[in-house]
Amino acid sequence: MGLTKQYLAYRAVDSFNIIASGRANVNFAIYNKIQGRYFAAAAAENVILWDLRLGERVLTLRRDKREVTALRVSPDRLHVAVGYVDGVVEIFDLSNPEGSICSLALHKSAVSVLRYDDQGIRLITGSLDTDLVVVDILEQAGRQRLIGHNAPITDVHFLERLALDHIAVSSSKDTQIKFWNLETQFCFKTIVDNRTEVWALAFTGELMVAGCGESTMNVYRLTRKDSNDVKTNALANAIEGLSVDDDDTISPINVKNCGVIQRAGKGRCVNLIADPSERVLSCHGTNDLIENFYFCTKDEAKQRLAKRLKKARKAKQIKEPEQKEEEVEDDVNDKNLSLSDEIKRLNSIKTRQKIKSLDILLGGQNELRVLVSLANNSVQLYSLNTTSKDEDAKMLRSLNWQGHQSEVRSVCFSSDGLAIGSGSAESFKFWNSDSMQCLRSVSTDYILCCAFAPGDRYVLLGLKSGKLLIVDVGAADIVEEIPAHDQELWSITLLPDQKGCATGSSDCTVKLWTFELIDGNAKEMDVDGVTSMDNSRQVKVLSLLHKNTLKLEESVLCVQISSNMKYLAVGLLDSTVKVFFLDTFKFYLSLYGHKLPILCLDMSYDSTIIATGSADRNVKIWGLDFGDCHRSLFAHDDSVMALQFIPKTHMFFTCGKDGKIKQWDADTFDKIITLPGHIGEAYGLAISSNGRYLITCGSDRTLRLFERTDEPIVLQDIQEEEREEMENEKLATGEDHGMALLPGLKLPSKKTVGSEKAAESILECLDICKQYDLESEIKPTLHPLMKALDAKTTTDFLLITLARIRSSDLEEALLLLPFPMVCELLTRLPSLIEERSDEIELLSKVTMFLFKIHMKPISGARHIKSLLQRIINLLTSEVNALRDCIGFNLHSLGLLQTEVEKREGIELFYEALQDKKKREKKRRQRETLKRQLIHMT
């Protein structure tokens with residue numbers, strides 16, 4: 001047996017450059033008991049908590065591979081619910097961000113909206129699969145699935161303002177607004193007077209505002225029905241010949257259309273956000289305008305009505321001074337109030353870019369804080385005074401330094417691997433590879449390629465216009481702008497002797513350049529990032545001298561020079577690779593075989609192998625001795641965008657438009673590993689000079705850093721893991737539950753790999769218990785699985801197996817059990833209930849769900865009737881005992897509190913409450929002082 005080749009694994013370190021994804025929303029959060037300073041924003045597959053004051057990220061909530069599509073901070077601002085593109089909802093604790101509290105597989109497609117109730121106990125989710133799911137946070141499982149919409153869900157709210165905890169309101173792209181009864185899981189009222197899609201809902205007091213695809217927003221007034229009114233209306237309808245079962249008779253609320261709010265912006269309404277106090281409403285459309293509305297109290301609305309009536313009488317010039325005030329007082333009542341009296345338009349906020357989402361917070365002294373995430377990967381914080389129309393909104397913070405405002409097209413490493421360079425359509429940024437913080441930023445035109453010059457003091461940038469820029473790293477300034485080519489400059493490669501570089505362009509030329517030092521003025525950058533010029537001090541600066549030009553018949557897309565300074569390889573638009581001698585430009589080899597243009601190529605350190613990547617999704621490995629193709633590899637599902645060898649090895653990395661990053665062995669032609677890639681397309685990659693670090697860039701605006709570890713890779717294990725992952729994706733399809741006797745069954749969960757593994761564990765447990773009971777007479781040894789779980793009896797073993805299943809997977813696992821195994825489980829439940837009454841909640845849940853699913857076959861089996869009666873009696877007695885115990889403890893604690901208060905003569909915990917009130921008062925004073933200082937600055 002031959003020796004196997006050992007590989008070392010590359011692991012993801014972190015991703016950076018992204019501030020806020022455009023697909024998800026942003027939310028204010030409380031961290032370290034400070035409000036208004038921190039906010040949570042989606043960043044590809046992660047959620048980042050940012051500090052607005054310092055402009056730094058505080059913590060990151062992570063989940064692999066799936067993009068975040070929605071997030072919501074809980075009412076206590078301590079937890080964050082995150083929805084992903086695969087329909088999974090994760091709940092994180094901000095005090096312990098290492099892992100999620102619970103993971104819930106609820107939908108088949110992306111989660112579009114998340115909403116907590118006022119207490120933070122329930123969470124309702126909406127998805128693109130048109131379903132709504134209500135989740136019990138304490139139980140960590142879904143409770144109800146609401147089905148009725150015909151298009152993706154856009155917004156949803158709990159209707160708790162009318163003391164109706166069991167009602168939810170949802171909107172959808174099917175132009176309907178539905179009111180749901182969560183107890184019956186049915187829709188009892190539907191509003192269909194919208195002609196276009198309803199995109200957002202907001203509630204302020206009794207008013208509901210619906211933003212649709214037009215420039216107007218409908219306003220509805222919600223009032224609760226009295227039971228006597230319902231009976232009277234039903235009787236009146238019956239007398240008039242109308243149906244008693246009309247929709248209004250079963251609706252506990254009245255919904256009245258009050259009018260519309262005309263928006264200043266054109267196009268559809270994207271977001272409607274009300275502040276927690278429900279006094280201010282902010283909205284935005286598909287443009288760059290934020291409109292703010294203030295909802296007055298009843299007294300303020302009456303004052304506005306009185307002023308409006310006075311103006312109307314003056315306009316008519318009615319001169320009745322004695323009766324004027326009396327008439328005005330008579331007309332000022334609730335019936336004459338209109339929307340113009342109740343709603344006051346505040347100053348609008350104009351941003352510089354298209355708005356993606358926003359969140360608002362009303363602070364002290366009527367100051368409104370507006371948090372805005374923009375389409376250019378930046379976040380801004382505005383301040384607006386709600387009492388004064390003379391003051392315009394002021395920008396307090398702008399978070400854009402830590403990321404490019406467009407997609408990164410090229411990346412490079414410094415020679416020591418300590419600095420990373422990234423170029424995009426508007427700037428070039430320098431990053432610290434350890435802290436992943438932005439060190440310098442230079443405004444440029446569209447960058448296509450980049451490379452650090454020898455010594456790492458300068459960077460060479462190739463632009464889309466064909467120009468070649470030389471940038472000083474220390475001063476963050478452009479030293480020289482060279483008109484190198486007439487069209488796009490696609491590739492820059494340094495000469496192995498570090499004395500020059502080669503550039504390739506779409507103008508069908510490859511040019512060789514040599515480095516030279518010329519006289520120039522010294523430029524320095526101060527702490528504030530301002531570059532100053534010192535004319536008194538002359539220094540040497542880098543420049544390029546044109547040496548030679550190679551003209552070709554096709555556009556040049558990539559250029560590479562062999563390490564022995566012998567060959568020059570050029571990838572062309574005609575799908576061939578031409579190899580020339582570097583010194584004379586004499587033609588050497590033509591490598592043809594690709595069907596589409598060559599997008600990338602690289603040569604090994606010993607100049608024996610050349611690897612090429614093409615838009616035909618293949619990577620070909622060639623020998624430089626004779627130009628023979630060693631192997632053609634189907635590398636990616638889309639175009640291969642970048643390829644580079646690891647220094648001193650024959651292994652190389654590739655990335656493609658499918659977003660994947662793969663490592664290959666050019667000797668054995670094996671794929672070593674697939675790294676977690678980008679969400680979308682991957683554009684470029686770079687490897688440090690020592691091969692330790694790998695950096696990639698893509699269309700998801702992230703820069704992903706990978707580090708080589710000491711962990712060895714076994715190819716067979718990696719291949720087995722990939723096969724298992726593919727099988728798991730096929731296994732858990734998330735399809736509708738098919739039950740022969742319950743065709744309309746809709747569980748608030750989705751079939752996952754975890755639920756199927758849980759069902760297998762239950763089946764295995766029942767088989768082991770059955771075998772153990774059969775051998776009980778001969779005193780059998782414990783099964784290894786029972787020993788591993790520290791179970792002495794079959795009863796403990798079964799209970800431990802059930803308790804180890806996640807709450808969100810329990811119902812799905814029980815649903816997958818065949819009926820004979822269900823009967824076997826039911827026969828063991830009485831002994832479980834008798835011996836382990838402390839787990840009565842779990843056992844009750846299992847019993848009730850099995851009865852619900854298999855009621856007809858269970859009721860038809862005669863031998864189970866006596867068992868059912870026994871289970872019912874046991875559960876009734878145990879649940880009553882638990883309820884009595886809880887009631888006894890509750891009243892005992894109340895009695896103890898009363899006795900202590902009588903004995904001490906003071907309220908219990910009075911000192912603690914007073915200390916808390918003092919701390920709250922000091923905190924409010926500090927916040928007021930801070931706001932005043934910010935307002936002054």
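The structure under discussion appears in the preceding block.
All of the points below concern the structure found in this document. Just so you know, these numbers come straight off a predicted model, no measurement behind them. (Residues numbered from 1 in each chain as written. Predicted model: local features only at pLDDT ≥ 70, side-chain atom pairs only at ≥ 80, totals over all residues. Heavy atoms only, no water.)

Some details on the sheet that holds strand β50 (residues 629-634)
Keep this limit in mind: Two strands pair if DSSP finds at least two bridges between them. Numbering goes from the N terminus for both helices and strands, where a helix is a DSSP run of H or I of at least four residues and a strand is a run of E of at least two. An axis is simply a line fitted to the C-alpha atoms; with a helix, the fit covers only the stretch in contact. Between two such axes, the angle follows the N-to-C directions and lies from 0 to 180 degrees.
Ordered by their spatial adjacency, 4 strands build an open sheet running β47-β48-β49-β50, and the pairing between neighbours is antiparallel. What marks the edges here is a single partner per strand, and that holds for β47 (598-603) and β50. Averaged over neighbouring strand pairs, the angle between their axes works out to 15° when direction is ignored. Here 5 bridges tie β47 to strand β48 (residues 609-614), and the two strands are oriented antiparallel to one another. Paired with I598 across the bridge in β48 is S614.

Thoughts on the sheet that holds strand β57 (residues 703-713)
Spatially, the 4 strands line up as an open sheet ordered β1-β57-β56-β55, and their pairing is antiparallel. Of all strands in the sheet, those with a lone pairing partner are β1 (7-16) and β55 (682-687), marking the two edges. For this sheet, the mean inter-axis angle between neighbouring strands, taken without regard to orientation, is 25°. Sheet topology note: the β55/strand β56 (residues 693-698) ladder contains 5 bridges and is antiparallel. Within β56, the position partnered with G684 by the bridge is C697.

Let's talk about the packing of aromatic side chains
Where two aromatic rings form a pair, the distance of their centres and the angle of their planes describe that pair. Applicable threshold: Here a Phe, Tyr or Trp ring, Trp counted by its six-membered ring, pairs with any other such ring whose centre lies within 6.5 Å, and the pair is stacked when the planes are under 30 degrees apart, edge-to-face when over 60, and tilted otherwise. Only protein chains enter the accessibility calculation, which uses a 1.4 Å probe. A residue is then buried if its area is under 20% of the maximum for its type, exposed if over 50%, and partly exposed in between. We call a charge positioned over a ring when the NZ of a Lys or the CZ of an Arg lies within 6 Å of the ring centre and within 35 degrees of the ring normal.
Taken as a whole and judged by the stated rule, the model has 11 aromatic pairs. Between the aromatic rings of Y567 and F581, the centroid separation amounts to 5.9 Å while the plane-to-plane angle is 40°, which identifies the pairing as tilted. Residue Y567 is found in strand β44 (residues 567-572), and its partner F581 is found in strand β45 (residues 576-581); the two are separated by 14 residues along the sequence. The exposure class assigned to Y567 is buried, which follows from its relative accessible area of 7%. A cation sits over an aromatic face here: R409 above Y683, 4.0 Å from the ring centre.

Observations regarding the nonpolar core
What counts here: Buried residues of nine kinds, namely Ala, Val, Leu, Ile, Met, Phe, Trp, Tyr and Cys, make up a nonpolar core once their side-chain atoms join them within 4.5 Å. The contact definition used throughout considers only heavy atoms, calling two residues in contact when any of these lie within 4.5 Å.
Ranked by internal contacts, the top residues of the largest apolar core, which has 43 residues, are I762, L814, L825 and L826. Within the residue set of this core, elements represented by two or more residues are α7 (753-774), α9 (794-803), α10 (807-815), α11 (819-835), α12 (840-853) and α14 (865-904). At 8 residues, α12 tops the list of elements feeding residues into this core. With near-sequence residues (within four places) excluded, I762 lies in contact with T801, L802, I805, A813, L814 and L817.

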